[in-house]
Amino acid sequence: MGKPIVVTGAAGFIGRNTVAALNARGVDDLLLVDSLGRDEKWRNLVGLRFEDVLEPTEFLDLVTSESAPDLDAVIHLGACSSTTELDAGFLLRNNYRYTRSLCQWCVKHGVRFIYASSAATYGDGSRGYSDDDESTVTLEPLNMYGYSKHMFDLWAMRSGLLDQIVGLKYFNVFGAYEDHKGDMRSVVNKAYGQILENDEVALFKSYKPDIADGEQKRDFIYVDDAVNVTLHFLEDRDVGGLLNCGTGVARTWKDLVNAVFGAMDRKPNIEFIDMPEGLRAKYQYFTQAEVDKLRRAGYTTEFMSLEDGVRDYVINYLSPRSGNLAPLELSVAS
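Residues numbered from 1 in each chain as written. Predicted model: local features only at pLDDT ≥ 70, side-chain atom pairs only at ≥ 80, totals over all residues. Heavy atoms only, no water.

Asks: Is there a simple way to explain the overall build of the protein chain in this structure?
Replies: Within the protein chain, the secondary structure is distributed over 11 helices and 13 strands. For 334 residues, the compact-globule estimate of 2.2 N^0.38 gives 20 Å, and the protein chain sits close to it at 19 Å. In terms of overall dimensions, the protein chain has C-alpha extents of about 60 × 45 × 40 Å along its principal axes. Per-residue burial for the protein chain yields a buried fraction of 52% across its 334 residues. Partitioning the contacts of the protein chain with sequence separation of at least 6, the portion at a separation of at least 24 is 78%. In the protein chain, the 35 positive side-chain charges and the 50 negative ones have mean positions that sit 2 Å from each other. (Helix = DSSP H or I, 4+ residues; strand = E, 2+ residues; numbered from the N terminus. Rg over C-alpha atoms; globule rule 2.2 N^0.38 Å. Buried < 20%, exposed > 50% of the residue type's maximum accessible area, 1.4 Å probe, protein only. Contact = heavy atoms within 4.5 Å. Lys, Arg positive; Asp, Glu negative; His and termini not counted. Charge placed at Lys NZ, Arg CZ, Asp CG, Glu CD.)

Here it is, written out as structure tokens:
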């Protein structure tokens, strides 16, 4: 048996899919890290093969103790991912300091370290979506979640570690096993439930005169592609850096919702509703990953189209589980 691979946030959305992809590659010497709490998130682990599940604090105490295990790699996807979380102290402890401590241990012991950054670090997008180091230092996130991720990116850069580790700025990821995320679920997931219930989807109005309702754009990436990017850098350990994980193609919310209607063989029916006042100043009207650096780093696989990704998600995951969807939300665009 080789050295174990650790996946933090393993019962979460991208984490669960990462573990499944490792299992599909014949890897089951896995140590999972997550806080399962009292909700139903544990169900995401059913059917997966692994050695054990540890609480985040338990795992950090273990690796920093004298009895630390000999590990092959740490894929650190665990974090508070709520863009509306207001407890700055919690985000600093959970997203910044925990990641820094884990990274320092991995680098010291020669353990491959791949971590989740976020497209939320780009703020309103006015400074572009380049993942070059020169651009990274100029970014101004719009919320504390994005800033907590940005803080670690900057620390890793200042510490000269980005040639040894990989940080991935995930853009708008959608796909299977996100049901537990509540209001942070993708619009695909929310729209599917609304269409079943009301045969209609609600999207936020635009508050920019040059952008029509529903024409706000995002770089949507299917979770299978996000996982493939992540595992590429598990295999290629000669590459380091902070890299965008998006398709490089921005699509509108209308495109996304129309793809859901199409996958369900329904006629599109969209209602545009008022955006909460508290979100208007922090709303991203456009995101699009620059992927040249990712391609130069060796990831050359083509990304699935928005329509193909939505269809696969709807037909192979959402439809068979339609009786177990999370409660409906009135507004789906975020």
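Moving on, there is more to tell.
Asks: I would appreciate a short explanation of unusual backbone geometry in the present structure.
Replies: Most of the time, phi is negative for any residue but glycine, and the peptide bond is trans. Of note in this structure, D199 is not a glycine but carries a positive phi near 60°. As for its position among the elements, D199 is in the loop between α6 (187-198) and β8 (201-204). We note that D265 has phi near 55°; this positive angle belongs to a residue other than glycine. With respect to the helices and strands, D265 occurs in the loop between α8 (253-263) and β13 (270-273). On the accessibility criterion, D265 (71% relative accessible area) is exposed.

Asks: I'm lost on the packing of aromatic side chains in this one. Help?
Replies: Geometrically, a pair of aromatic rings is defined through the distance of the ring centres and the angle of the planes. The final tally for this structure, using the stated rule, is 14 aromatic pairs. Ring pairs connect the aromatic residues F174, Y177, Y222, Y313 and Y317, which therefore count as one cluster. The ring of Y122 has K169 lying over it, and the distance from NZ or CZ to the ring centre is 4.2 Å. (Phe/Tyr/Trp six-rings, centres within 6.5 Å; stacked < 30°, edge-to-face > 60°. Lys NZ or Arg CZ within 6 Å of the ring centre and 35° of its normal.)

Asks: For this particular structure, what's the right way to read a negative patch on the surface?
Replies: A surface patch of negative charge is lined by E51, D52, E55, E58 and D61. Here D61 shows up in helix α2 (residues 56-63). (Patch = residues over 30% accessible without salt bridge, like charges linked within 9 Å, V, L, I, M, F, W, Y side chains within 5 Å. Areas by Shrake-Rupley, 256 points an atom, 1.4 Å probe, with all protein chains shown as cover. Salt bridge = Lys/Arg side-chain N within 4 Å of Asp/Glu carboxyl O.)

Asks: Looking at this structure, I do not really get helix α7 (residues 223-235). What am I missing?
Replies: Note on helix geometry: an α-helix contains 3.6 residues per turn, so any two residues three or four positions apart are oriented the same way. The end-to-end C-alpha distance of α7, which contains 13 residues, comes to 19 Å, matching closely the 18 Å that a straight helix rising 1.5 Å per residue would cover. In terms of burial, α7 is largely enclosed, as 10 of its 13 residues are buried. Those residues of α7 that fall on the buried side of the exposure criterion are V223, D225, A226, V227, V229, T230, L231, H232, F233 and L234. (Expected span 1.5 Å × (residues − 1).)

Asks: Looking at this structure, how should I read the packing of helix α1 (residues 13-24) against α7?
Replies: When two helices pack together, their arrangement is given by the angle between their axes and by how far apart the axes lie. The N-to-C vectors of α1 and α7 enclose an angle of 65°; their axes lie 9 Å apart at closest approach. Seen from above, α1 lies across α7 with right-handed handedness. Across the interface between the two elements, F13, I14, N17, T18, A21 and L22 from α1 touch V223, V227, L231 and L234 from α7. Taken together, the residues that form the contact of α1 with α7 break down as eight nonpolar, two polar and no charged. (Axes fitted to C-alpha atoms, helices over the stretch in contact; angles between N-to-C directions. Left-handed = near helix turned anticlockwise from the far one by under 90°. Nonpolar A, V, L, I, M, F, W, Y, C, P; charged D, E, K, R; others polar.)

Asks: Honestly, the nonpolar core in this entry has me stumped. Any pointers?
Replies: Among soluble globular proteins, nonpolar side chains are generally buried collectively. L168, Y170 and F233 are the most contacted members of the largest nonpolar core, which has 37 residues in total. Of all the secondary-structure elements, those providing two or more residues to this core are β1 (5-8), α1, β2 (30-33), β4 (73-76), β5 (112-118), β6 (166-170), α7 and β11 (241-245). Excluding anything up to four places from it in sequence, F233 contacts R112, I114, V166, L168, V239, L243, L294 and A297. In this structure, F174, Y192, F204 and Y283 belong to the second largest nonpolar core, which totals 32 residues. (Core = buried A, V, L, I, M, F, W, Y, C linked by side-chain atoms within 4.5 Å.)

Asks: It is not clear to me how the state of the cysteines should be interpreted in this structure. Could you clarify?
Replies: Disulfide: a covalent bond connecting the sulfur atoms of a pair of cysteines. For the structure on display, the rule yields zero disulfides. A disulfide-free cysteine, C103 has its sulfur positioned 6.9 Å from the sulfur of C106, the nearest such atom. Under the relative-accessibility criterion, C103 is labelled buried at 0%. C106 sits in the buried class, given a relative accessible area of 0%. (Disulfide = S-S within 2.5 Å.)

Asks: Would you mind going over the side chain of K41 with me for this structure?
Replies: If you trace the backbone, K41 turns up in the loop between β2 and β3 (52-54). The exposure class of K41 is buried, given its relative accessible area of 15%. Engagement of the side chain of K41 in a polar contact is seen with the backbone oxygen of S35, the distance being 3.4 Å. Residue contacts for K41: discarding those within four places in its chain leaves A11, D34, S35 and H180. (Polar contact = N/O pair within 3.5 Å; in protein donor to acceptor, adjacent residues only side chain to side chain.)

In short, shape yes, function no, at least from these values alone.
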